[in-house]
Every structure is written in C-alpha cells, then in structure tokens.
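Overview (structure and organization)
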Amino acid sequence: MAAPMLRWCCSGRRFAFARVGCGSCHRRGPPTGSTSNGKRGQSSVAQQPHITAQKPRKGEPEWAAVVGLEIHAQIASNSKLFSGSQVCFAAPPNSLVSFFDASLPGTLPVLNRRCVEAAVMTGLALDCHINRKSLFDRKHYFYADLPAGYQITQQRLPIAVNGSLAYSVYVGRKPSQMVTRTVRVKQIQLEQDSGKSLHDDLRSQTLIDLNRAGIGLLELVLEPDMSCGEEAATAVRELQLILQALGTSQANMAEGQLRVDANISVHRPGEPLGIRTEVKNLNSARFLAKAIDYEIQRQINELENGGEILNETRSFDFKLGCTVPMRDKEGKQDYRFMPEPNLPPLLLYDSGSLPSGADPQQVINIDQLRERLPELPRVTRQRLVQQYGMLPEHSCVLLNEVGLLEFFQNVIKETRAEPKKVTSWVLNTFLGFLKQQNLAVSESPVTPSALAELLDLLDRKAISAPAAKQVFEELWRNEGKTPAQIVAEKKLELLQDPEALEQLCRSTLEAHPDVVRIPAGRGRHAGAVALGRGPPLLLSPYSPAELPDNGWPGFIRDPPVNFVSFQLKSRDAIR
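Since this is a predicted model, take the numbers as computed values, not measurements.

1. Here we look at the environment of Val110
- Note that Val110 resides in the loop between strand E4 (63-74) and strand E5 (111-112).
- Val110 gets classed as partly exposed once you look at its relative accessible area, which sits at 37%.
- The spacing of Val110 and Lys80 is 30 residues in sequence and 9.7 Å in space, taken between C-alpha atoms.

2. Topic: the pattern of salt bridges
- Tallied over the entire structure, the rule returns 23 salt bridges.
- The partner of Arg113 in a salt bridge is Glu117, and the shortest N-O contact between them spans 3.1 Å. With Arg113 and Glu117 both in helix H1 (residues 113-125) and four residues apart, this pair spans about one turn of that helix.
- Taking relative accessible area as the criterion, Arg113 reaches 6% and is therefore assigned buried.
- Note that Glu474 and Lys490 form a salt bridge whose closest N and O atoms lie 4.0 Å from each other. Here Glu474, found in helix H10 (residues 465-476), pairs with Lys490, found in helix H11 (residues 483-490); they are 16 residues apart in sequence, far enough to count as distant.
- Exposure remark for Glu474: the relative accessible area of 13% places this residue in the buried category.
- Lys490 sits in the partly exposed class, given a relative accessible area of 41%.

3. Some words on helix H8 (residues 419-437)
- The end-to-end C-alpha distance of H8 is 26 Å, a good match for the 27 Å that 19 residues give at a rise of 1.5 Å each.
- Of the residues making up H8, those classed as buried are Val422, Thr423, Trp425, Val426, Leu427, Thr429, Phe430, Leu431, Phe433 and Leu434.
- Of the surrounding elements, those touching the buried residues of H8 are helix H6 (392-400), helix H7 (404-414), helix H9 (448-459) and H10.
- At the C-terminal side of H8, Asn438 shows a positive phi close to 55°.

4. Overview of the packing of H6 against H7
- Running from N to C, H6 and H7 cross one another at 110°; their axes reach a closest spacing of 6 Å. By the angle class used here, H6 and H7 are roughly perpendicular. Contacts between H6 and H7 involve Val397, Leu398 and Leu399 from the former and Leu404, Leu405 and Phe408 from the latter.

5. Describing the nonpolar core
- Counting residues in hydrophobic clusters, the biggest one holds 74 residues, and the most contacted among them are Leu69, Leu190 and Leu288.
- Among the elements that make up this core, the one with the highest residue count is helix H3 (residues 285-304) (nine residues).
- For Leu69, the contacting residues outside a window of four places in its chain are Leu220, Val221, Leu222, Met226, Ala232, Val236, Val260, Asp261, Ala262, Leu288 and Ile292.
- Grouped together as the second largest cluster of nonpolar side chains are 39 residues, Met390, Leu399, Leu404 and Val422 included.

6. Thoughts on the sheet that holds strand E8 (residues 137-140)
- Strand order across the open sheet formed by three strands is E9-E8-E19, with antiparallel pairing between neighbours. Every other strand in the sheet has two partners, leaving strand E9 (150-153) and strand E19 (338-339) as the edge strands with one partner each.
- Note: E8 against E19, two bridges, orientation antiparallel. Bridged to Asp137 within E19 is Pro339.

7. Describing the confidence of the model for the protein
- When pLDDT is averaged across the protein, the result is 81; 75% of the residues are at 70 or more.
- Counted against residues more than four places away or in other chains, residues 1-20, with its pLDDT under 50, gives 102 contacts.
- Taken together, the stretch residues 518-532 has pLDDT below 50 and engages in 59 contacts with residues farther than four places along the chain or on a different chain.

8. So, unusual backbone geometry
- Despite not being glycine, Asp127 has its phi angle at roughly 55°, a positive value.
- Look at Lys461: it is not a glycine, yet its phi comes out positive at around 60°.
- With respect to the helices and strands, the residue Lys461 is situated in the loop between H9 and H10.

9. Re the packing of aromatic side chains
- In this structure the tally under the stated criterion is 14 aromatic pairs.
- Each ring, one from Phe287 and one from Phe316, has its centre 6.0 Å from the other, and the planes form 45°; the classification is tilted. Of this pair, Phe287 sits in helix H3 while Phe316 sits in strand E17 (residues 312-317), placing them 29 residues apart in sequence.
- Ring centres of Phe407 and Phe430 lie 4.0 Å apart, and the angle between their planes is 10°; this geometry places the pair in the stacked category. Note that Phe407 is positioned in helix H7 and Phe430 in helix H8, a separation of 23 residues in sequence. Accessibility classification places Phe407 together with Phe430 in one group, the buried group.
- Each member of the aromatic cluster is reached from another via a ring pair, and the members are Phe407, Trp425, Phe430, Phe433, Phe472 and Trp476.
- Its guanidinium or amino end placed over the ring of Tyr335, Lys139 lies 4.4 Å from that ring's centre, counting from NZ or CZ.
- Over the face of the ring belonging to Trp63 we find Arg268, whose NZ or CZ atom lies 4.0 Å from the ring centre.

What counts as what
Residues numbered from 1 in each chain as written. Predicted model: local features only at pLDDT ≥ 70, side-chain atom pairs only at ≥ 80, totals over all residues. Heavy atoms only, no water. Helix = DSSP H or I, 4+ residues; strand = E, 2+ residues; numbered from the N terminus. Buried < 20%, exposed > 50% of the residue type's maximum accessible area, 1.4 Å probe, protein only. Salt bridge = Lys/Arg side-chain N within 4 Å of Asp/Glu carboxyl O. Expected span 1.5 Å × (residues − 1). Contact = heavy atoms within 4.5 Å. Axes fitted to C-alpha atoms, helices over the stretch in contact; angles between N-to-C directions. Parallel < 35°, antiparallel > 145°, perpendicular 65-115°, else oblique. Core = buried A, V, L, I, M, F, W, Y, C linked by side-chain atoms within 4.5 Å. Pairing = 2+ DSSP bridges. pLDDT = per-residue confidence, 0-100. Phe/Tyr/Trp six-rings, centres within 6.5 Å; stacked < 30°, edge-to-face > 60°. Lys NZ or Arg CZ within 6 Å of the ring centre and 35° of its normal.

Written as structure tokens, this is what we have:
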C-alpha cells in the first residue's frame, strides 16, 4: 500500500545530574498516608501480582521499588497532527478548531510531515530501531473532550522501538561520585492529544476547550528500570534536554508540553513484582520525584500493615504532598483497538531502499534525518569538559539553565580571560544574581559583551577582584554604562605608582583606626591594601616594634604581637 500523503509544516532547543541516595531498595519508614483494604486488582502490564508480604531474610533489604514512565511530549509544530489548525498556547477557547478536530462527519485526516520527522529524529537520538512500516490505530474511550470517541495512536506497530536513555546520578556526597545509568525505551509512537475540560465549581459546570484536540504528541514508554523519584526525575530532565536540542519539542512542562505518568510497584527482593499503581499527569520534575517517593512509601506502609495494593490510577496533590485515588482498574478498560481505516501504513525509507523517481516531498528518508541530528547533550558536556577543562557538574549546570550555555560561549568569544575564570564568573556571580532576582538568562541586565569587557579588565590587572565585583553590581543596576566607564567614575583602577599607593595606605590607616587589627605573626613586615586599589605593598623595612617611630599611627604603639595588618572593604592586606 502506498505511503500516506504528507503535508509540510514549519516548526517553532538540559543533561542533568541528581544526587541519589535511594538506591534500588527501601526500608520501612513511618506511615505517610492512610491505608485501605480494597480488593486486589490485576496489573495491565507484564507484572506478576504480589502474593504476600513476607519478612526478608537476615541481611537482605526489606523492599525493592520498580518505576516505569509514560511520557507525552508535544511536538514542536505550527499545526496539528492530522489537520491544518494552528497550534498556539493560551489562545481563546475553541478558536483553533477545524472540522476534523471537531469530528464532523466526512472529514478525513491528513498526516503532518513535520510530526513524522520529529518522531524519527527522537528515535534516532535515543538509539531506537526505526520501523520502516508503522500503523495507526483507533483507541476508543468516551470523554467529553474527545469528540470522535476515539484517539488515533500507534498501538500495534509504533514508529520506533528498543532504544535507551542514559543519565548520570550522584551516588555519594562528593560530586566526583557519579555514575551513568540507563533506562530502556520500549517504544515511541505518534498520537493525538485530547481537548481540555475546564471545571467551573461555582456553576457546577464543565466547559470544553478543543484547542488542544488533535495536537501531535510523542508518547515515549520507558521500561521499569528505575527505583526512586530522583532517578525518574533525572531521566525526564535528560530527555527534556534531548528534545530541546533536537527541536522536536519545546518540552516546557509549565505549559503542559511534557507530561509524565508514573507506574510504581514494590516487592520483596527475589519475589515477583508487585501490583502497580499509576500516578497520572505530573507536569513538574520536582513533583514527579515527590509523587513517586510518596507512593513507594505508601505502598510499603500498606503492605507492612497487612493491607493490599490496588491496581488503580492516582493523582498527586502537590498542596498536600500525597497521592490520591482517581479511579481503579479492577475491570480493565477495553479500548477496543482497531486499525485506523482512513490512514494507510506509514512507510519510511533509507537511502538504499528509496524508490526511484519518488517525490522527496512525499517520502521520509531516515538517513537524511540522521545527518541533520544536532550535537546531543551528552556530547556537548564531554566537549565542554575537554575544551575548557571544566568539571562535569559545571557542564551540567550550563546545559540545565535555559540560555546559559549560549551566554557562556558568547563571553568566551569576546574575552581574553581564561575559560576557568569565565566559568567561575558565569556559574557563581552571574547565575547567583539571576537566582536572587528570580530571572531567566534572557532577562539579565548584564550582556555577554559587558561581562567579557569586565573580565578583560580583570585579566590585564587594570582592576582588582573586589573592584570587579563592585563593577558587576553596578552593571546589574542596568544604568547603561560600560565597565570601563564605571571604573573611571568610581576610581577603581589599580594604582601602579608605589609612592601614591603607600600614601593612600598610610592616610587610610590613620583615618580608620577601628579597622586595624593585630593578628599573630613571626616577624613579618607590615603591608596594606586600601580599598582594593593595589597589590599588597611593603610599607616599612623595620619590625613592627619600630613602626611608631617611623611615621606609623600612635594607636599601634604597643602591639601585643610582632606585625600589623589592615582590612578594609573585603580584602586582607598582609605581606
């Protein structure tokens, strides 16, 4: 059968480290939720039921947790999966709905080429096997926000299968104690999104917005290879970085572009897997970790207290910090999957199997898409470590913060300062100011050019480190001045004339007797730095006991120890 007609559409770019102390096994903790004694349900995945809660043998961990994920990522496309309706976040309700989206009789789906390319590129980035032939199916269920009464998906033969996703976690308290773990990717499939139900409690009404109905989704199914919330959250963050690097999804969880369902069960080590529960619609990595960890502990407490785990769907109440039941799966819902009659099989080709004379507009060439793959986050991290000599955790932070890597690279291009110094200023000073003001990198009042100029002044020793921080504070106030102008106005340049610097130190000492201190020493000579205006300077060749007779202030006439230091602003001045 011929490949389905494709239409063109234009499209609209974090590796993550986490500290994991959970391991793969869990011990009993204090009760964190109520227990229930409902009838045991049947798992809808290939997990054997947990028969009974027996005590472990001596030396064995008490419980092992198993976590799998189903992730829905909204494809970065200007139009929907099977219609030409525009995709736009926060548009007026029901303003972006075509006849097909509303399921009017006689309307037919037209597959979006951009969505197919996004699925293939994501599969290639995750080392999946790309099926040359994939099928579309109808998944029937009846919700008010699903006008057709079914969803078009790929249940039987998805577009990509058998991939893997690597992520790194800390296994100890030191940053160097870091390991790479891998979760298997079972499949990637294309499917439609549903509409949105808006509940009006005041009027006891539910309103339907179909703007989201028909938007293209990538559903990624991750095998149950994780054991705690932080591992799952780290894997999701890594996937988020990959999708953004590929441009296949903006993966903005705050806008619902990346939603996660977690499947969780616990069992005794060596025993069959337990009954699972599903926690749905988690739209934050932080909430994902909290929901999984809570659900693991809830199931452990339930079994420890003699209860049984129900095969049910739950939601996470972020205000209460706990999961609550939504619906049980005692009677497994029959979705009545059937082939989609209005869509022929989706056929993909490589360079060797491409039909002669085929219209490039109507076929997908896997090899061409492979050549278009950008640098993936794991490769970017390795390059940063090798090229700039930074620590792996520093490369992680640069990728995790949206726009921070681009800012760093722009500073590197415009400054002569060493990369390590640039890394320190970007990650410590610049990022610290952003966090204090709760700003994104794009909202920073300090541009890469301004920071590069400031680092050049510091690199050629025109200003001191304390003065540089003072200049940065002035730049952050966004007064439209350059670092050089601020240095000149504030008189922050380093003094190169030893006599002038000595005179400044002497006058500063006499004017500020309250900041002179007498630390312990062993006959070293006295020195001072005034206001960060110069390097440490030897003021006298004599011992401290002789200083009062050589022009030094009288308030150090009887020093209890044998040398003097001076501190003003932020720097000790000892030589």
